[in-house]
Structure formats: C-alpha cells, structure tokens
Amino acid sequence: MQAARRYGRRLFLAHATRAGAGLMIIGTTAACASDSPAGVAEPVPSTPPQGSGVDADSSTSAPSSEPSEPPSAAAFDWRRVDLGFVSAYLLVSDDQVVVVDAGVKGSETDIEDALTELGLGWYAVEHVIFTHNHPDHIGSAAAILEAANARAYAGEADLLAINVAQEVEPVADGDEVLGLRIVATPGHTPGHISVLDPTGGVLVAGDALVGAADGGGVAGPDAAYTADMTTAIESVRKLSALQFETLLFGHGEPVEEDADARVAELADRL
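Here's a quick rundown of the structure. (Residues numbered from 1 in each chain as written. Predicted model: local features only at pLDDT ≥ 70, side-chain atom pairs only at ≥ 80, totals over all residues. Heavy atoms only, no water.)

## What about the overall build of the chain?
Then, number 1: If you tally the helices and strands in the chain, you get 6 helices and 13 strands.
Then, number 2: Residues classed as buried in the chain amount to 49% of the 270 residues present.
Then, number 3: Across the chain, the fraction of contacts at a sequence separation of at least 24, relative to all contacts at a separation of at least 6, is 66%.
Then, number 4: Accessible surface, the chain: about 11700 Å² in total, of which carbon and sulfur atoms supply 50%. (Helix = DSSP H or I, 4+ residues; strand = E, 2+ residues; numbered from the N terminus. Buried < 20%, exposed > 50% of the residue type's maximum accessible area, 1.4 Å probe, protein only. Contact = heavy atoms within 4.5 Å. Areas by Shrake-Rupley, 256 points an atom, 1.4 Å probe, with all protein chains shown as cover.)

Have a look at this one:
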C-alpha cells in the first residue's frame, strides 16, 4: 500500500494530477485531552449552529491581525485525512480547528467530510498551516481559505510559491499558533516547517520525515524531491531532540508510540 502511495506521489509531481482520494479518520492518541465526538447523522452546515457562540457573519469579516492566543494547557485531538498518497491533518481543541496542509487540488471535499464527522464545519477552522509549498500539500489551499474564515501560515522562504488571494503569514522557529509550536525544518524545501503540540506530544512533520507502510518505521525525506539533503538531515537531527509520542507524516502511516525514540535512532544512522 505504501509503495503505491509513493509511486502515486511521483506521478503527481511529474504530471500534476491527482492519484485518487479517500478519507480515513484516525482515533486520538492516549495523550489527547478528550475522546472525539461520534459521527453525526446529518450533514453539518458550514455556518455555526444557533447558540454556538460563533458569529454566523464572521465568514465575511477579515481575519484579525492580532496574534493568536494559546489555549489553556490542553492537548489537541488529531484526525488524519487520508488523500491516497498524501495526508492532511485536523488538530482540534475546544471546537477550534487547525488544518495542517491542504493536499492536492480538490481535497477540500475530503477535509470538509472530516470536519462533518467531528460534528463541525468550516466555521470552526480558524488557522491553516502549510508545512511547505509542494503542490501535493497546497493544492487545495485557495479553496480551503475561501471556505473558512481562517488565518494562513507558512515558512517565509516558501511563501512566494503559495498563490492564494489571502495573505499567508510567515512563521519562524519557535512561533506559536493557538498553542502549537512551529519548528523550522528546512531542507526538503527552503521554508519547510513542522508543527508540534507540546502538551499532547504530537508532531506533524510534513515531508521532513517519511513513514513506513506498517506505521512503525521512520525515514528521512525523499532525496528525489528534496532541495537540500544536507540541510534536511540537520533538520532530522533537530527533530530528534524534541519530545513527542505521536508522529504524523505527509506520506506514510502515523507512528503512535515512542515516536521520538524512533526519530532519534534514525538521526544516529544518518
């Protein structure tokens, strides 16, 4: 299965076509603050329900320029949106959603379905983070930002290649978005970033790392699509110094146990 995804990715990057999409909802890790809601029977509208405390007209207002406030010490629940050979992720805290990566063009439908499974809609998406500017990670960026009243972020060196109408804010190592820590991991692309939930012990690595089909192995970024492999290896070593239990990849099955130890072992071999 993993091999098929890897081959599909190569075809996408060569021909800029989509290699099929499917939605997979993954359960929370033991580090999450609470269990996720069950799937709802009826589709959830993209505007908040009456009495939800969210302004139904907020979709027409401009995003606030004020820095985001981190939540109280609470881990994020996470959901994987499996798009075939690439994945996007929903990080959820108190009905606020951070979308990490946008998949290929047309992936907004699968991401909306994942929100619906959580009993939420686009109104709950307040932040969108792009780990890097490759087309299999930003293909649906414009559609997602049009649907959600969200602020968008990416590493500064990758901004020019993210062509959307809305401003994408640059973030640097150590910045925070809703309590999530930005970790600069350049190499795969010059502005590649990873996203760490330090409370829940979850790292979204984008393409700074690659997962194995069995959900246990961890490898460095694919050299065929990496701009600077020497810098990318240094980023792997940087990630090996962090603490996290769960590791989520752009390509490959999540690692849900002792993930930091596996990255440390990889760094020792590089």
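## Thoughts on the sheet that holds strand β13 (residues 246–248)
Then, number 1: Taken in spatial order, the 5 strands make up an open sheet running β7-β8-β9-β10-β13, and their pairing is mixed. Here the strands that pair on one side only, and so sit at the sheet edges, are β7 (176–177) and β13.
Then, number 2: Bridging between strand β8 (residues 180–184) and strand β9 (residues 193–197) involves 4 bridges; their strand directions are antiparallel. Paired with alanine 184 across the strands is isoleucine 193, a residue of β9. (Pairing = 2+ DSSP bridges.)

## A word on the pattern of salt bridges
Then, number 1: With the rule as written, the count across this model stands at 6 salt bridges.
Then, number 2: Across the pair aspartate 77 and arginine 79 runs a salt bridge, and its minimum N-O distance is 2.8 Å.
Then, number 3: Judged by its relative accessible area of 8%, aspartate 77 falls in the buried class.
Then, number 4: One salt-bridge network, held together by shared partners, links Arg80, Asp82 and Glu253. (Salt bridge = Lys/Arg side-chain N within 4 Å of Asp/Glu carboxyl O.)

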